[in-house]
Amino acid sequence: MAERIGGADAVIDLKPGSSIPISYHPSFGPHDDLLLLEADDNLVSDIFNQRVTLRGLPDEDAVLCTKSKTFAIKFVGNSNSMFLIPPSSSDDDTNINNRQLVSVLKISPGNMELVEVSPRLDKLKQLLLANPFGAAEVDAMMDDNDDDNNEKKGVKLYTWSDLVNTVQASDEELSVGLQSLSAVEIDGYWRVIDENYLDVILRMLLHNCVLNYWSFDDLDEDEVVSALVADEFPSKLASHCLRVFASRVNSNGTGKWKLEPRLVCLHFARLVLRDEKMRLESFMEEWKKKIPDGMEGRFEMLEGEVLTETIGIETRVYTFSVRSLPSTPAERFSILFKHRSKWEWKDLEPYLRDLHVPRLSMEGLLLKYTRRAQPKADAPPVFSAR
Amino acid sequence: MEIRVKCRCGEDECSEWAIVELQGVVETQASFEGSIQNLEIGRLCHTESSQETYTFTVGYHELIGSKVTLKKPLLVLKKLQLDDEVSGKTTELEVVGIIRTKILFKTRPKPLISGTN
């Protein structure tokens with residue numbers, strides 16, 4: 001006699017007017033290795049296409065990642081008794097003398113739920129900014145005998161695979177994160193380029209533009225790279241310089257680029273200011289000297305990157321970049337309000353533009369983290385910490 | 001660390017598990033404690049009526065419930081801890097089943113007066 005133990009199908013297909021006994025399974029027990037995960041239809045589809053992974057370090061709460069999203073995993077307990085009944089399993093396929101047993105393998109205490117969260121990209125920033133790629137390494141790179149320079153120094157570098165294992169973000173979010181850091185893959189490792197070294201390459205590129213009568217709006221990638229390689233820059237970094245400061249002219253791969261005035265001017269503004277606060281007039285003067293001929297630097301280009309403070313009759317300007325701020329809203333607002341207790345919307349907005357929080361709009365973010373006040377009807381509203 | 005959620009079957013072939021859910025706790029008599037495997041809990045009946053009702057009789061109690069389609073399906077995952085010579089201790093997660101419906105009993109148990117059986 002074949003006994004079919006489990007019997008989920010018998011429960012699911014139980015016809016009206018029929019009844020079946022339910023027993024404890026021969027292997028009834030806690031079965032802590034069996035977990036229930038609530039998943040919407042999209043996630044179910046992703047899982048069956050092998051596109052879902054759990055990511056995180058042993059001391060972190062694991063997150064679940066699809067190709068493009070990151071989810072926190074929450075356990076939701078259920079005080080009801082959930083009898084979990086597995087499908088039938090039998091050694092014998094015949095239907096002769098088939099005794100149906102419906103058996104409960106485990107009583108589940110609850111299930112896991114997923115909550116979409118922002119990817120944890122601050123860690124990516126931290127890891128890559130610890131070891132920017134600079135001039136010294138370029139020399140080592142050009143010298144073929146010095147391949148393990150970094151390993152010798154004990155410097156930790158990250159391949160794509162290392163980043164996937166360390167940063168809690170989906171593949172797509174990780175790629176976007178790398179792009180926003182202007183990171184580049186060198187010898188299999190993802191690196192950010194040291195700003196001083198980037199400056200050297202950019203100035204050489206601009207110098208070549210003048211020398212060769214190249215138009216800023218119609219740069220040919222091959223020509224640019226050849227010229228920079230001739231000046232002893234690695235070709236990979238020459239291409240990268242275009243990606244940082246220029247955009248493609250059209251997407252059919254003609255290799256034409258146009259320099260973005262805002263990005264070039266911002267670079268020189270940061271170079272002028274460094275860590276100081278300068279008088280606005282002095283800054284504008286120094287800045288204009290550095291901007292290449294044919295480009296115009298306007299102060300509006302620097303929103304989200306510099307701030308001004310007016311003391312008496314003097315206005316000073318200093319570097320305060322949105323890219324140096326945390327990407328999580330609570331921490332972002334905390335730092336902003338520590339820096340300055342009251343903000344007008346026109347100054348605050350550039351520092352919030354890049355915040356994307358699932359299920360929360362900009363209005364929602366402001367409501368949650370700020371207090372809005374309007375001291376006079378004709379004065380602009382002012383935001384402060386909640 | 002990255003753990004891929006694996007499944008050996010496709011979405012259509014994934015075996016369906018069932019859940020019978022009731023409020024409260026089913027208790028076993030003291031004499032059976034420790035060896036309740038194979039013990040009968042009760043009888044599930046799909047009533048012959050126009051409504052989609054089910055009854056579950058446990059001991060002298062009868063529960064009344066219905067079949068509910070889950071808004072979001074539940075996946076049954078099995079966590080495997082493996083010890084590999086090469087990569088050391090690794091964890092794997094495998095989808096072993098899916099649950100789309102459950103039979104939910106929300107009412108208080110109705111005691112059955114003896115003599116009806």
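Residues numbered from 1 in each chain as written. Chains lettered and ligands numbered in written order. Predicted model: local features only at pLDDT ≥ 70, side-chain atom pairs only at ≥ 80, totals over all residues. Heavy atoms only, no water.

The name an unreviewed UniProt entry assigns to chain B is Chromosome transmission fidelity protein 8 homolog, from the organism Camelina sativa.

Under an unreviewed UniProt entry, the name given to chain A is Sister chromatid cohesion protein DCC1-like, and the source organism is Camelina sativa. Under the UniProt heading Sequence similarities (unreviewed entry), the entry covering chain A gives this text: "Belongs to the DCC1 family." (UniProt positions renumbered as here; feature names shortened; annotations may be inferred.)

1. Details of the overall build of chain A
On a plain count of helices and strands, chain A comes out with 15 helices and 20 strands. The C-alpha atoms of chain A give a radius of gyration of 30 Å, which is well past the 21 Å a tight globule of 386 residues would have. Seen through its principal axes, chain A has C-alpha atoms that stretch 95 × 65 × 45 Å. Considering chain A as a whole, with its 386 residues, one finds that 45% of them fall into the buried category. Per element, the accessible surface of chain A, about 20400 Å² overall, is 49% carbon and sulfur. When the 45 positive and 63 negative side-chain charges of chain A are each reduced to one mean point, those points stand 7 Å apart. (Helix = DSSP H or I, 4+ residues; strand = E, 2+ residues; numbered from the N terminus. Rg over C-alpha atoms; globule rule 2.2 N^0.38 Å. Buried < 20%, exposed > 50% of the residue type's maximum accessible area, 1.4 Å probe, protein only. Areas by Shrake-Rupley, 256 points an atom, 1.4 Å probe, with all protein chains shown as cover. Lys, Arg positive; Asp, Glu negative; His and termini not counted. Charge placed at Lys NZ, Arg CZ, Asp CG, Glu CD.)

2. Overview of the overall build of chain B
Each helix and strand in chain B was counted, giving zero helices and seven strands. Starting at the N terminus, the α and β elements of chain B follow one another as β-β-β-β-β-β-β. In terms of overall size, chain B is more extended than a compact globule, its C-alpha atoms giving a radius of gyration of 20 Å where 117 residues would be expected to give roughly 13 Å. In terms of principal-axis extent, the alpha carbons of chain B reach across some 65 × 40 × 20 Å. Per-residue burial over chain B gives 34% buried out of 117 residues. Taking the intrachain contacts of chain B between residues at least 6 apart in sequence as the baseline, contacts between residues at least 24 apart amount to 57%. Accessible surface for chain B amounts to roughly 7500 Å². Of this, 50% is attributable to carbon and sulfur atoms. A gap of 6 Å separates the mean positions of the 15 positive and 17 negative side-chain charges of chain B. (Contact = heavy atoms within 4.5 Å.)

3. A short note on the interface of chain B and chain A
Taken residue by residue, the interface counts 55 residues in chain B and 55 residues in chain A. Carbon and sulfur atoms make up 61% of the area that chain B and chain A hide from each other, which totals about 5100 Å². There are two salt bridges connecting chain B and chain A. Residue R55 of chain A pairs with E2 of chain B through a salt bridge whose shortest N-O separation is 2.8 Å. Counting across the chain B and chain A interface gives 31 residue pairs in polar contact (both at pLDDT 80 or more). Ranked by residue count, the leading element in the side of chain B that touches chain A is strand β5 (residues 61-84) of chain B, at nine residues. A class-by-class count of the residues in the side of chain B that touches chain A yields 32 nonpolar, ten polar and 13 charged. (Buried area = accessible area lost by both parts, 1.4 Å probe. Salt bridge = Lys/Arg side-chain N within 4 Å of Asp/Glu carboxyl O. Polar contact = N/O pair within 3.5 Å; in protein donor to acceptor, adjacent residues only side chain to side chain. Nonpolar A, V, L, I, M, F, W, Y, C, P; charged D, E, K, R; others polar.)

4. Side note on the sheet that holds strand β13 (residues 246-248) of chain A
Residue and element names in this part refer to chain A. In spatial order, the strands read β12-β14-β13; together these three strands make up an open sheet with antiparallel pairing. On the outer flanks of this sheet lie β12 (219-220) and β13, each paired with one strand and no other. As defined by bridge partners, β13 adjoins strand β14 (residues 256-259) across three bridges and the pair is classed as antiparallel. Bridged to R248 within β14 is W257. (Pairing = 2+ DSSP bridges.)

5. Observations regarding a negative patch on the surface
Taken together, D40 and D41 of chain A together with E11, D12 and E13 of chain B make up a surface patch of like negative charges. Examined against the element boundaries, D40 of chain A turns out to sit in the loop between β3 (34-38) and α2 (41-48). (Patch = residues over 30% accessible without salt bridge, like charges linked within 9 Å, V, L, I, M, F, W, Y side chains within 5 Å.)

6. A look at the pattern of salt bridges
Two side chains bearing opposite charge may form a pair once their charged atoms approach each other closely. Residues and elements named next belong to chain A. Counted according to the given criterion, the structure contains 30 salt bridges over all chains. Taking the shortest distance from any N to any O, the salt bridge between R191 and E137 comes out at 2.7 Å. Of this pair, R191 sits in strand β11 (residues 189-191) while E137 is found in helix α4 (residues 135-142), placing the two residues 54 residues apart along the sequence. In this structure, the salt-bridge partner of K256 is D220, at a minimum N-O distance of 3.6 Å.

7. A short note on the layout of surface pockets
Residue and element names in this part refer to chain B. Taken as a whole, the second largest pocket encloses approximately 500 Å³ of empty space. Lining of the second largest pocket is provided by 23 residues; of these, V26, E27, I41, V58 and G59 occupy positions nearest its centre. Mapped onto the lining of the second largest pocket, the elements with two or more residues apiece are β3 (40-46), β4 (53-58) and β5. For the lining of the second largest pocket, the element with the most residues is β3, which contributes four residues. Across the lining of the second largest pocket, the residue classes tally to twelve nonpolar, eight polar and three charged. (1 Å grid on protein atoms, 1.4 Å probe; cavity = no way out; pocket = protein on both sides within 12 Å on 5 of 7 lines; lining within 4 Å. Points joined across faces, edges and corners; volume = space filled by probe spheres on them.)

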